[in-house]
Amino acid sequence: MTGLLDTPPRVITVGAGLFDEALRAQAVPTVPVEWRPPLPGTGEALATVLADPRRRAANELAVGRLLSARPQLVGVRRAAEVLPVRTFLHAGPPITWERASGPMRGALIGAMLLEGLAADADEAADRLAEGAVELRPCHEHAAVGPMAGVVSPSMWLLEVHDAEHGGTAYCSLNEGLGKVLRYGAYGPEVLERLRWMDQVLGPALAAALGRTGPIDLRALMAQALQMGDELHNRNRAATSLLLRALAPAVVEAAPSQAAAVLRFIDGNDHFFLNAGMAAAKVSTDAARDVPGSTLVVAMARNGTDFGVQVSGLGGRWFTGPAGVPDGLYLGSYGPGDANPDIGDSTITETAGLGGFAMAAAPAIVRFVGGEVADAVKATRSMYEIALAEHPAYQIPGLGFRGTPVGIDVTLVARTGLLPVVNTGIAGRVAGTGQVGAGLVRPPVEAFTSALTALADASPPRP
């Protein structure tokens, strides 16, 4: 005790910052330790899952598969080749027409018109309400779709193969920004663009990839991160790299259409997004179905619900209400025009990209709002809920540290931190299109319900 009184105090502060600030104001050196209580009501389930003897080895196996995936763009195929008959795919967890949001309804109406299944929007809505086509999540068919994510039989899909584990994933072709089908618009200009993509863009890309052979998306995405992309809402570098890889083959395979095809890709900085989403999907799918693993393998939104899937729990969805993003709006649009969060593009965050890699893309703040420091802070915070750092996807501004990857349900519960997602914002009224872009946090219920299910599936404690 005498020694403690004769030497300067060494104070460790835990929890609320007020105590630390008061001591520092009195020139007392402190060692602050960040600590947060677990999410309310999760204590018992968290203890059960953490005690599961399978967890550590299961997570090592699942994360190892995710990190070792080698996604390659191998082709472009019509959706009819891989979809069940009279089925439309959509983003997010399962949804019915009755619960579908405005942009989801708008995209489904547009797909009905594109496929010639209705003469006008009213007839399309009536037929969808009657169940004329079956609605199924993209994720349940090895696919992902941005925003509404609607895929109908005549659309072309990018085909991405995992050269390491053998999986395959698909994603539609990117239309661009603004009034597009994936944001729920279905006007004449939207359908005209989709028909051009059907008749010209898809066949040209399919022929070009037949000449190039597989394109290494993992290497391309790693390079794009070094060039200022985060591969969710900023894909300028990745699109340029893909265009460079495809251009000679497009000219050779479709000489009469090459100028239009290359001009379309060049004019759409988000063109690579869909290839990146399929690459992320095939990577996280490699980590699925490991008993005892608490690794999140999918996050997705349908404009009504936000859902997650966990490696150790098969294909079950755990959902909560989708939130409205906070961000920047186009023109005269504002928060009142925004639909709740929508799209499968959160597969990028699930794979350690997007919001998890914002520190690599300081320019992203001009699109989603905030300051450069906010982007760096967002990435740094995600290391607290991630099981690993990606060996290929590195951030120059953080000393080439790998992006945080492998969201762990138990770490979310222990820290109270939710994944950072940057996203586009769709107008809530069907037919509006894009109204802005911003940041959003998932609902806590999705993670707490997954934790409870993991606890129920854990072996009994000794």
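Residues numbered from 1 in each chain as written. Predicted model: local features only at pLDDT ≥ 70, side-chain atom pairs only at ≥ 80, totals over all residues. Heavy atoms only, no water.

Here's the deal with the packing of aromatic side chains
Reasoning step 1: For the coordinates displayed, the defined rule picks out one aromatic pair.
Reasoning step 2: Measuring from ring centre to ring centre gives 5.1 Å for tryptophan 196 and phenylalanine 264, while their planes differ by 50°; the resulting arrangement is tilted. You can see tryptophan 196 sitting in helix α7 (residues 188-212) and its partner phenylalanine 264 sitting in helix α10 (residues 258-266), a full 68 residues away along the chain.
Reasoning step 3: Across the ring face of tryptophan 97, the terminal group of arginine 105 is positioned such that the distance to the ring centre comes to 4.4 Å.
Reasoning step 4: Taking NZ or CZ as reference, arginine 401 lies 3.5 Å from the ring centre of tyrosine 383, over its face. (Phe/Tyr/Trp six-rings, centres within 6.5 Å; stacked < 30°, edge-to-face > 60°. Helix = DSSP H or I, 4+ residues; strand = E, 2+ residues; numbered from the N terminus. Lys NZ or Arg CZ within 6 Å of the ring centre and 35° of its normal.)

Considering helix α5 (residues 102-114)
Reasoning step 1: With 13 residues, α5 extends 18 Å from end C-alpha to end C-alpha; this agrees with the ideal 18 Å at 1.5 Å per step.
Reasoning step 2: By the criterion of burial, α5 is predominantly enclosed, with twelve of the 13 residues buried.
Reasoning step 3: Immediately beyond the C-terminal end of α5, within one or two residues, lies glycine 116, with a positive phi of roughly 70°. (Expected span 1.5 Å × (residues − 1). Buried < 20%, exposed > 50% of the residue type's maximum accessible area, 1.4 Å probe, protein only.)

Focus on unusual backbone geometry
Reasoning step 1: Positive phi, close to 55°, is recorded for alanine 142, a residue that is not glycine.
Reasoning step 2: One can find alanine 142 in the loop between β5 (134-137) and β6 (143-144).
Reasoning step 3: With relative accessibility at 26%, the residue alanine 142 sits in the partly exposed group.
Reasoning step 4: The phi torsion at phenylalanine 400 lies on the positive side, around 60°, for a residue other than glycine.
Reasoning step 5: Of note, phenylalanine 400 is situated in the loop between β15 (386-395) and β16 (401-407).
Reasoning step 6: You can call phenylalanine 400 partly exposed: its relative accessible area is 45%.

Side note on the pattern of salt bridges
Reasoning step 1: Summed over all chains, the structure comprises 14 salt bridges.
Reasoning step 2: Across the pair arginine 211 and glutamate 252 runs a salt bridge whose closest N-O atoms are separated by 3.5 Å. Of this pair, arginine 211 sits in helix α7 while glutamate 252 is found in helix α9 (residues 236-253), placing the two residues 41 residues apart along the sequence.
Reasoning step 3: In this structure, a network of salt bridges that share partners links the residues Arg77, Glu81 and Glu159. (Salt bridge = Lys/Arg side-chain N within 4 Å of Asp/Glu carboxyl O.)

A look at the packing of α5 against helix α6 (residues 121-129)
Reasoning step 1: Remark: α5 packs on α6, axes separated minimally by 9 Å, with the N-to-C direction vectors making an angle of 105°. The angle between α5 and α6 places the two elements in the roughly perpendicular class. Across the interface between the two elements, Leu108, Ile109, Met112 and Leu113 of α5 pack against Ala121, Ala124, Ala125, Arg127 and Leu128 of α6.
Reasoning step 2: The residue inventory of the contact of α5 with α6, partitioned by class, reads eight nonpolar, no polar and one charged. (Axes fitted to C-alpha atoms, helices over the stretch in contact; angles between N-to-C directions. Parallel < 35°, antiparallel > 145°, perpendicular 65-115°, else oblique. Contact = heavy atoms within 4.5 Å. Nonpolar A, V, L, I, M, F, W, Y, C, P; charged D, E, K, R; others polar.)

Comments concerning α9
Reasoning step 1: Under the 1.5 Å per step criterion, the end-to-end length of α9 is 25 Å for 18 residues, consistent within 8% with the ideal 26 Å.
Reasoning step 2: Its axis deflected by about 40° at leucine 246, α9 carries its strongest bend there, up to four residues before the proline proline 248.
Reasoning step 3: Every buried residue of α9 is listed here: Ala237, Ala238, Thr239, Leu241, Leu242, Leu243, Leu246, Ala249 and Val250.
Reasoning step 4: At its buried positions, α9 is contacted by β3 (71-78), α7, β9 (215-216), α8 (217-226) and α10. (Bend = angle between axes of the 7 residues up to and from the residue.)

Section: the side chain of serine 458
Reasoning step 1: Within the secondary structure, serine 458 is located in the segment after α16 (444-457).
Reasoning step 2: Residue serine 458 is classed as buried on the basis of its relative accessible area of 12%.
Reasoning step 3: Here aspartate 52 takes part through its side chain, which lies 3.4 Å from a polar atom of the side chain of serine 458.
Reasoning step 4: Of the polar contacts made by the side chain of serine 458, one reaches the backbone oxygen of leucine 454; its length is 2.8 Å. (Polar contact = N/O pair within 3.5 Å; in protein donor to acceptor, adjacent residues only side chain to side chain.)

So, the sheet that holds strand β8 (residues 168-172)
Reasoning step 1: Strands sit in the order β6-β8-β7-β3-β9 across an open sheet of five strands; the sheet is mixed. Two strands bound the open sheet, and with one partner strand each, they are β6 and β9.
Reasoning step 2: Sheet topology note: the β3/strand β7 (residues 156-162) ladder contains seven bridges and is antiparallel. When the bridges of β7 are listed, glycine 75 appears paired with glutamate 159. (Pairing = 2+ DSSP bridges.)

Digging into the state of the cysteines
Reasoning step 1: This structure, assessed with the given rule, holds zero disulfides.
Reasoning step 2: Unpaired in this structure, cysteine 138 has its nearest cysteine sulfur neighbour in cysteine 171, at a distance of 7.6 Å.
Reasoning step 3: Classification of cysteine 138 by relative accessible area gives buried; the value is 0%. (Disulfide = S-S within 2.5 Å.)

Here we look at the nonpolar core
Reasoning step 1: Core analysis: the biggest nonpolar cluster contains 88 residues, and Leu217 and Phe272 have the highest contact counts within it.
Reasoning step 2: By residue number, the principal contributor to this core is α7, which donates ten residues.
Reasoning step 3: Once residues lying within four places of it in the same chain are set aside, the contact partners of leucine 217 are Pro71, Gln72, Leu73, Val160, Phe272, Ala275 and Ala279.
Reasoning step 4: Core analysis: the second largest hydrophobic core is formed by 37 residues, Leu46, Met358, Val365 and Ala437 among them. (Core = buried A, V, L, I, M, F, W, Y, C linked by side-chain atoms within 4.5 Å.)

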